[in-house]
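# Descriptive structure summary
So you can see what is in the structure, the chains are spelled out below.
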Amino acid sequence: MDLVSVNNEKTKDYFEYLYDEAFPEYEQVEIQKLYKLANKELIDINLIAHNDQYTGLAVVFLNDDINLLSYFAIDPEYRGEGLGSKSLDVLLDSYDDLMIEIESTKEQNASDIKTRKKRKNFYIKNGFYNMNEDINYFGTDMELMVTNEDASIYDYFNTYEN
């Protein structure tokens, strides 16, 4: 598996397709804003490639202490093949420590609570720890998870300040 920088029309086309497919509009940052942040080297926009096929995406907000994996998705065509776990391994090889935001699993009445719990368990299985810190992002209650148990809520806010 490889990370491929989104820097030409072919990679941009796939990134924009999967970004729209995987994330509801209310969770999306405008794509042009993401490209501007990437040009300023504040974020990395990567595609995940497996056997010469694009299979996913990862948008990482860069910080000296910990990096925020803000968007991570595997193409629906390739889900269930273990590529999510393999992709996280590649990301952790490239970025020492990662932090993620996931929709809260504490909202037991959420219509997608099973999906939320499954997602949280996926990240735990892949080496993430629950920070026991909750935030509200895009009007959605989120939980923070990290690969470094020493990370703090201040690391999270510092990522966005950069």
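A brief report on the enclosed structure follows. (Residues numbered from 1 in each chain as written. Predicted model: local features only at pLDDT ≥ 70, side-chain atom pairs only at ≥ 80, totals over all residues. Heavy atoms only, no water.)

Applying the stated criterion across every chain, the model contains six salt bridges. Of the charged contacts, one joins E103 and R119 as a salt bridge, the two residues approaching to 3.6 Å between their closest N and O atoms. On the criterion of sequence distance, the pair formed by E103 in strand β5 (residues 98-103) and R119 in helix α4 (residues 113-125) is long-range, its members being 16 residues apart. Across the salt bridge formed by E143 and K120, the nearest N and O atoms sit 2.8 Å from each other. On the criterion of sequence distance, the pair formed by E143 in strand β7 (residues 140-146) and K120 in helix α4 is long-range, its members being 23 residues apart. Exposure class is identical for E143 and K120. Each is buried. When salt bridges that share partners are traced, they join E103, E107, D112, R116 and R119 into one network. (Salt bridge = Lys/Arg side-chain N within 4 Å of Asp/Glu carboxyl O. Helix = DSSP H or I, 4+ residues; strand = E, 2+ residues; numbered from the N terminus. Buried < 20%, exposed > 50% of the residue type's maximum accessible area, 1.4 Å probe, protein only.)

Residues three or four positions apart in an α-helix share a direction because the helix packs 3.6 residues into each turn. Within helix α5 (residues 153-161), burial applies to I153, D155, Y156 and T159. Along the axis of α5, the buried positions cluster into a sector of 165°, meaning they face one direction only. For α5, exposure combined with an orientation more than 90 degrees from the buried face picks out Y154 and E161. Residues of α5 that are buried sit in contact with β3 (53-61), β4 (67-74), β5, β6 (129-137) and β7. (Arc of directions from axis to C-beta. Contact = heavy atoms within 4.5 Å.)

Time to look at helix α2 (residues 31-39). Every buried residue of α2 is listed here: I31, L34 and Y35. Taken end-on, α2 shows its buried residues confined to a sector of 100°, consistent with a single buried face. Buried residues belonging to α2 abut α1 (9-22), β2 (43-50) and β3. E41 sits one or two positions beyond α2 and adopts a positive phi of about 60°.

This part covers the side chain of T105. Assignment of secondary structure puts T105 in the loop between β5 and α4. When residues no more than four places from it in sequence are discounted, the contact partners of T105 are I113, R116, K117, K120 and E143.

Here the focus is the packing of helix α3 (residues 83-94) against α4. The interhelical angle for the contact between α3 and α4, taken along N-to-C directions, is 45°, at an axis separation of 10 Å. Relative to α4, α3 is oriented oblique. Here α3 and α4 pass one another in a crossing that is right-handed. Contact residues: α3 offers G84, S85 and L88, while α4 offers F122, Y123 and K125. Looking at the contact of α3 with α4 residue by residue, the classes come out as three nonpolar, two polar and one charged. (Axes fitted to C-alpha atoms, helices over the stretch in contact; angles between N-to-C directions. Parallel < 35°, antiparallel > 145°, perpendicular 65-115°, else oblique. Left-handed = near helix turned anticlockwise from the far one by under 90°. Nonpolar A, V, L, I, M, F, W, Y, C, P; charged D, E, K, R; others polar.)

Let's shift gears to the sheet that holds β5. Sheet strands pair via backbone hydrogen bonds, and the direction of the pair is either parallel or antiparallel. The strand order β1-β2-β3-β4-β5-β7-β6 describes an open sheet built from seven strands, whose pairing is mixed. One side of each edge strand has no neighbouring strand; the edge strands of this open sheet are β1 (2-5) and β6. Averaged over all pairs of adjacent strands, the angle between their axes in this sheet comes to 35°, without regard to strand direction. Relative to β5, β4 runs parallel, the two being bridged by three bridges. Directly across from L68, in β5, lies its bridge partner M99. (Pairing = 2+ DSSP bridges.)

Attention now moves to the pairing of β6. Sheet topology places β6 next to β7; six bridges connect them, and they run antiparallel. Considered in β7, the bridge of N130 is made with M145. If you look at the hairpin formed by β6 and β7, you'll find two residues sitting between the two strands, and F138 has a positive phi there, around 55°.

Purely geometric numbers; function is a separate question.
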